[in-house]
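Structural overview
As a plain string of letters, each chain reads:
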Amino acid sequence: MDSIHAPGAEKRVTRNGRKSLLAATVLASAQIIAVVCATPSHAATSTTSHHAKRTRSAASHSTLQHNATTNRSAAAASVVPAAQPTAARAGTRDALSHPFEANTSEDVVVTGSALRSGRYNPNPVQVVKSQDIQQTSATNLGDYLQRLPSIGSSGTSNAVQNGGEGLSCTDLRNLGSSRVLVLIDGKRMTQTMASGFSCANLNNIPTDMIESVEILKDGGSELYGADAVAGVINVKLKHNITGGTITARGGITDVGDDKTGKLSGQYGFNFDHGKGNITVFGQYMTQEGVMQKNRGYLSNPWTENTAIGDSPTYGSGYSATSRVFGDNTPGAGVVPDGKGGYRTFSSSDRYNYGGPSSLLSYLQTSNLGGDAHYDLNKHVTLYANVWYTHESQNSQMAGMPVAGSVYPSTLSNPLYLPENAPYYSSSWGDNAYMYRRYTDVGNREMNTASDTYQVTAGAKGYIVGKWEYDVSMGYGSSQATFNTNNELNYRKLMQTYGISQVDPSDAGSAVTYDPSVCQASAGCVLSNPMDPLSSKAADYVRFNEHNHADYQLRDFNARVHNDQVVKLPWKNGGSLGIAGGIEHRSEQASYHADPLDISGDSSGNSSSNTGGGFDATEVYLEGKMTLLHNAFLAKNLMIDAQGRWSHYNTFGSTQTWKVGIDWAPVQDISFSATLGTSFRQPSVTELYGGQNVSYASAIDPCAQVSTYGALSEAVTAYCMKQGIKNPATFEQPNSQIPIVQGGNSKVQPETARTYTIGTVITPRWTPGLRVGVTYWHYTLKNMIGTLPTQYIVDSCATGTSSYECQFVNPRNSAQQLTTVENVYQNVGGLRTSGIDFDLSYRISLSMRDSLTLNNNFQQLVSYLQQNEPGGPWYNYAGRLFYQGYGAGMPRVRDYASATWTHDNFSFTYMMSYTGGMKWNDGTNDVSCSQYYYCKTPGIFTHDVTVNYKLGRWNFMGGVNNILDKKAPFVADGATNTSAQNYSELMLGRYVYLQAGVNF
């Protein structure tokens, strides 16, 4: 038991091994860098075009201007990518070499407002610069964002092997990826659809083209529309580049896996005397992944948490040999003894599904894009941008386990064996059925591929006076295929065994032996279910599953704004700014399932074709008024009001609003507050996503009746009513329960109310210091979502909520759960609150040296969830949903960095902390007096990066998780840890090198 998470569980790298590691890392980069060295050596130009000098709106194509009230990471100065946009390089106060200027007064537009503002802004916005991403080991934006305390674990990461389908979906405040709106340059990002969910796939955004990421950590529905309930992530790409860059990166873990390579290039040029610019870019990234067997402490997972006094249960009850249950067999069933007889199934027969499974997927992305603009005059600037991404993902799981057909198929469930068959043993008694994992058919291989492109074109400029406009049309499309190789055709498997149902319309029907069902089918090989399948028989029952999904977005925007409509007439009065616009968008999605999934012949899944969409027409208005400026006890006093009217063809009309205030009595400190409402209509996936059968990590209450304490008697009575004669000896073959998941056309919209209160301190006597504190609070009503499967079955079995029993379908004749309905529904409500603490401090140590400190801290105060309308509230703050890919809500998270810069050299240290969490199964906390493990400790990780600039070249190297901290033990039933929360620790120590050159 201790060996599962012991620090020494992994082999240590010897001195020779470290030399090999260094050599492998160099080699991983060398081939790509060789391409770089072969490029012509032309110096990059830095001419600033007319277009680059103009101040742009939030959706503009200029580089990011800095707002002193937003968080900055100044580590940046030394980790500069090889090429920068023209506007960023121009002038003596380079935005990259001065990433944080506490006393800047430059007017810019920051996410959360359509109007420019100076250093004062009531909205809590965090800014991440490209350098912050580059100086980490992250090869995609989603992996980097996981470091930030405000980013939750309720989304989908690249570490999710079973059901993640190659998507990287972020979320804010643990409110789910469906409640965060992802923008690219201020415009909606095209989503990627999977089976049962969709999201803005962050794997599609090339990291080397990111200029900055602005995170609005407050509701934004009143300005941006639905989906922005938790906030907005606005990814600003590099534009207006003159010159070019090629960057290459290679990395490898200290055990020689997860080899990663990345090559990117970008080139831009001005034309017609700087009136226009064209920029093109491309990026290719490949990440090898990690097999679970190569992490010793994760390689043999516990099936479930273990009670004190009991021995852990490893592996699955679906053995690689046939396991038979009958009226005369022991409760555990019997397996062939290799001598023509049978013996009782034992723990040695359990199958370690961790051995052949992927821990982290193989991932490959290719990106191409271009951006162009042309200034006709000050009234008309034409612009267009296009980007395309091809992504492929590959992972592997153990061979298919089979116990019977998959709901709602009417094929035999469980897999009954006919008593008149020559292979039937009288020692089994009557009503014999079998379980088996078909390793002889091969391990399951999941391959996902998606093609996503998005095109935006428009015009912007001045109308008259200071009134500006921006009109654009965007179109995006995503097509994805989801293939699973080495699935089983259950109908053909029954034919192979000569099994025929007496009543084919009844899954519980009696069966008879009829070899003609096989003999009449071409390619069928009559087989004995107690023996391994021959290669020909395996070929007959094997099939490769193919599913397809499509998503389309059309988005028209027309916006106008004037930052200074009128100056207020009183002394020290500021100005009134007004912005408004109209947006019309439509979203359509469809899912096409494999024919065998639709017919019910697949042994692993059941699904359906589906599709649908909606149209929305919206109008928004914002007013920002600076009541006082440079007055006594009012260095700045500003109010901001936003409103949006939306009409959906599915749910009618609604309104949302938001008000904010920012008061700075003196220039050293400001106070701010916001209050707003949000409205989210169900997404196309939540409404029209195809329903399919999946497998959730959960334990049948009837297989653990003794664990319910005072409720054990109630659970026992429930199980006996279900037909289980002796619940004390009843066994579940593995730690999963089949669930029906997917869309629900009856789901209704959800609403939310959000407020924040904060202060920012930028003392004049400490130049370069910024300290910010924000209290935030969200309340969601009529919340759309799904529930932990364990919560549903527990609530029904214990009688604490008979409401949930409607979602538990009848058991099969072997008394095993067939399915639990867990489609999207309006589950109840959620209330969560917390405190953010942000610090940035740049210190000049000498003429050649500087030190930059940054800290991002979040304290979760509350996380209360109501799992059914009118039901009780559950406190999940500081809890980890430990089963399967469950989310964690740690009370404390922190991310800090320190960078020392000396001329062209810099050294950066980064620290991440995730607080300890109590384990929770969705209903109750795990009892520390009853189980060996009931909580996870707080975890620190440490990374370092060095950077050196030599002329046109920029070199960087780093070590992620330098102390090789292991992921903490979590009895999740799949990996012995929590992949959603500790994916970087699962990887282990990781080394990378990067080189870039300007030309």
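Residues numbered from 1 in each chain as written. Predicted model: local features only at pLDDT ≥ 70, side-chain atom pairs only at ≥ 80, totals over all residues. Heavy atoms only, no water.

1. Description of the sheet that holds strand β1 (residues 125-129)
Whether parallel or antiparallel, the strands of a sheet pair through hydrogen bonds between backbone atoms. Basically, it comes down to this: Any two strands with at least two DSSP bridges between them are considered paired. Secondary structure elements are defined from DSSP: runs of H or I of at least 4 residues count as helices, runs of E of at least 2 residues count as strands, and each element is numbered from the N terminus.
Reading across the sheet, the five strands line up as β1-β6-β7-β2-β3 and stay open at both edges, with mixed pairing between neighbours. In this open sheet, the two edge strands, each paired with only one partner strand, are β1 and β3 (187-188). Here strand β2 (residues 180-184) pairs with strand β7 (residues 231-237) via five bridges, running parallel. Looking across to β7, one finds that valine 182 is bridged to isoleucine 233.

2. Structural notes on the layout of surface pockets
Where we set the bar: For cavity detection a 1 Å grid was placed over the protein atoms alone, and a set of points counts as a cavity when a 1.4 Å probe fits there but cannot get out; an open set counts as a pocket when protein lies on both sides within 12 Å along at least five of seven lines, with lining residues being those that have an atom within 4 Å of a point. Grid points are joined across faces, edges and corners, and a volume is the space filled by probe spheres set on the points. Residue classes follow a fixed rule: Ala, Val, Leu, Ile, Met, Phe, Trp, Tyr, Cys and Pro count as nonpolar, while Asp, Glu, Lys and Arg count as charged, and any other residue, Gly among them, counts as polar.
Of the voids in this model, the largest pocket is the one considered here, and its volume is about 920 Å³. In terms of lining residues, the largest pocket is bounded by 38 residues, among which Glu304, Ala703, Gln704, Thr707 and Tyr931 are the most central. Taken together, the residues that form the lining of the largest pocket break down as 13 nonpolar, 18 polar and seven charged.

3. Let's talk about the pattern of salt bridges
Where side chains of opposite charge bring their charged atoms close, a pairing between them can arise. Condition: Here, a salt bridge means any side-chain nitrogen of Lys or Arg that lies within 4 Å of a carboxyl oxygen of Asp or Glu. To sort residues, take the accessible area from a 1.4 Å probe on protein chains only and compare it with the maximum for the residue type: under 20% means buried, over 50% means exposed, and anything in between is partly exposed.
Evaluated as defined, the whole model comprises 33 salt bridges. Between arginine 173 and aspartate 836 there is a salt bridge whose closest N-O contact spans 2.9 Å. Of this pair, arginine 173 sits in the loop between α5 (141-145) and β2 while aspartate 836 sits in strand β36 (residues 825-844), placing them 663 residues apart in sequence. Accessibility classification places arginine 173 together with aspartate 836 in one group, the buried group.

4. Structural notes on the sheet that holds strand β42 (residues 917-920)
The three strands lie next to each other as β39-β42-β43, forming an open sheet whose pairing is mixed. Across the chains shown, the open sheet's two edge strands, defined by having one partner strand only, are β39 (879-881) and β43 (935-936).

5. Quick look at the nonpolar core
The following threshold applies: Residues enter a nonpolar core if they are buried and are Ala, Val, Leu, Ile, Met, Phe, Trp, Tyr or Cys, with the set joined through side-chain atoms within 4.5 Å. A domain assignment, automatic or from a database, supplies the domain bounds used here. The contact criterion used is simple: two residues touch if any of their non-hydrogen atoms lie within 4.5 Å.
Of all hydrophobic cores here, the largest spans 67 residues; its most connected members are Leu141, Leu145, Ile205 and Val213. Both domains that meet at this core, namely domain 1 (240-291 + 361-396 + 448-484 + 547-688 + 746-798 + 817-998) and domain 3 (698-737), each give it at least three residues. Apart from residues lying up to four places away in sequence, isoleucine 205 is in contact with Leu141, Ile184, Met189, Ile210, Val235 and Leu237. Judged by nonpolar contacts, the second largest core, of 38 residues, contains Ala432, Leu488, Cys518 and Ala814.

6. Some points on the packing of helix α12 (residues 712-721) against helix α13 (residues 789-798)
To keep things clear, this is the line we draw: What counts as an axis is a line fitted to C-alpha atoms, over the stretch in contact for a helix, and the angles between N-to-C directions run from 0 to 180 degrees. Angle categories: roughly parallel below 35 degrees, roughly antiparallel above 145, roughly perpendicular from 65 to 115, and oblique for all the rest.
Where α12 meets α13, the closest approach of the two axes is 8 Å, and the angle between their N-to-C directions is 95 degrees. Taken together, α12 and α13 sit at an angle that is classed as roughly perpendicular. Between α12 and α13, the residues in contact are Ala714, Val715 and Tyr718 and Cys796, Ala797 and Thr798, respectively. Class assignment of the residues belonging to the contact of α12 with α13 gives a composition of five nonpolar, one polar and no charged.

7. Topic: helix α14 (residues 979-987)
Within α14, seven of the nine residues are buried, leaving the element largely enclosed by the surrounding structure. What α14 keeps buried is the set Ala979, Gln980, Asn981, Tyr982, Leu985, Met986 and Leu987. At the exit of α14 stands glycine 988, carrying a positive phi of roughly 90 degrees.

8. A word on unusual backbone geometry
Residue proline 408 follows tyrosine 407 across a cis peptide bond; omega there is 5 degrees. The residue proline 408 is located in the loop between β18 (400-402) and β19 (415-416) in this model. The omega torsion across asparagine 413 and proline 414 is 5 degrees, close enough to zero to call that bond cis. Not every positive phi belongs to a glycine, and asparagine 431 is a case in point at roughly 60 degrees. Note on asparagine 431: relative accessible area 45%, which makes it partly exposed. Located in the positive-phi region is aspartate 903, a residue other than glycine, with phi close to 55 degrees. Tracing the sequence through the fold places aspartate 903 in the loop between β40 (892-902) and β41 (905-914).

9. Quick notes on the packing of aromatic side chains
The geometry of two aromatic rings is summed up by the distance between their centres and the angle between their planes. We count it as follows: We call Phe, Tyr and Trp rings a pair once their centres come within 6.5 Å, taking the six-membered ring for Trp, and we label the pair stacked below 30 degrees between planes, edge-to-face above 60, and tilted otherwise. The criterion for a charge sitting over a ring is simple: Lys NZ or Arg CZ within 6 Å of the ring centre, and within 35 degrees of the ring normal.
Applying the stated rule across the entire model yields 31 aromatic pairs. Between tyrosine 803 and phenylalanine 807, the ring centres sit 5.9 Å apart and the planes meet at 75 degrees, which makes this aromatic pair edge-to-face. With a centroid separation of 6.2 Å and an interplanar angle of 10 degrees, the aromatic rings of tyrosine 874 and tyrosine 876 are classed as stacked. Each residue in the set Trp302, Tyr882, Trp919, Tyr933 and Phe969 is aromatic and connected to the rest through ring pairs, giving one cluster. Across the ring face of tryptophan 776, the terminal group of arginine 173 is positioned such that the distance to the ring centre comes to 4.0 Å. Sitting over the face of the ring of tyrosine 383, lysine 460 holds its NZ or CZ atom 4.9 Å from the ring centroid.

10. Some thoughts on the state of the cysteines
What counts, and what does not: Disulfide assignment relies on a single distance test, namely cysteine sulfur atoms paired within 2.5 Å.
Scanning all chains against the criterion turns up five disulfides. The partner cysteine of cysteine 796 in its disulfide is cysteine 805, sulfur to sulfur 2.1 Å. Taking the sign of the torsion about the S-S bond as the criterion, the disulfide between cysteine 796 and cysteine 805, at about 110 degrees, is right-handed. Of the residues examined, cysteine 796 reaches a relative accessible area of 7% and is grouped as buried.

11. Focus: a nonpolar patch on the surface
Spelled out, the test is: Nonpolar side chains (Val, Leu, Ile, Met, Phe, Trp, Tyr) are joined into patches within 5 Å and like charges within 9 Å, using only residues with over 30% relative accessible area and no salt bridge. Exposure was quantified through the Shrake-Rupley algorithm and a 1.4 Å probe, taking into account, for residues, occlusion by the shown protein chains and nothing else.
Taken together, the side chains of Val471, Met473, Phe556, Ile582, Val619 and Trp645 define a hydrophobic patch exposed on the protein surface, amounting to about 470 Å² of accessible area. Given a relative accessible area of 35%, phenylalanine 556 falls into the partly exposed group.

12. Digging into the environment of glutamine 393
Among the structural elements, glutamine 393 can be located in strand β17 (residues 380-397). Glutamine 393 sits in the buried class, given a relative accessible area of 6%. Counting along the chain gives 106 residues from glutamine 393 to glutamine 287, while the straight-line C-alpha distance between them is 9.5 Å.

13. As for the pairing of strand β8 (residues 243-253)
For β8, the buried fraction is high: eleven of the eleven residues fall into the buried class. Of the two faces of β8, the one holding Gly243, Thr245, Thr247, Arg249, Gly251 and Thr253 and the one holding Gly244, Ile246, Ala248, Gly250 and Ile252 are both buried throughout. Inspection of the sheet shows β8 paired to strand β9 (residues 260-271) by nine bridges, in the antiparallel sense. Paired with glycine 244 across the two strands is tyrosine 267, which belongs to β9. Here β8 folds back onto β9 in antiparallel fashion, the turn holding six residues, of which glycine 256 has a positive phi close to 90 degrees. Across nine bridges, β8 lies against strand β46 (residues 990-998) in antiparallel orientation.

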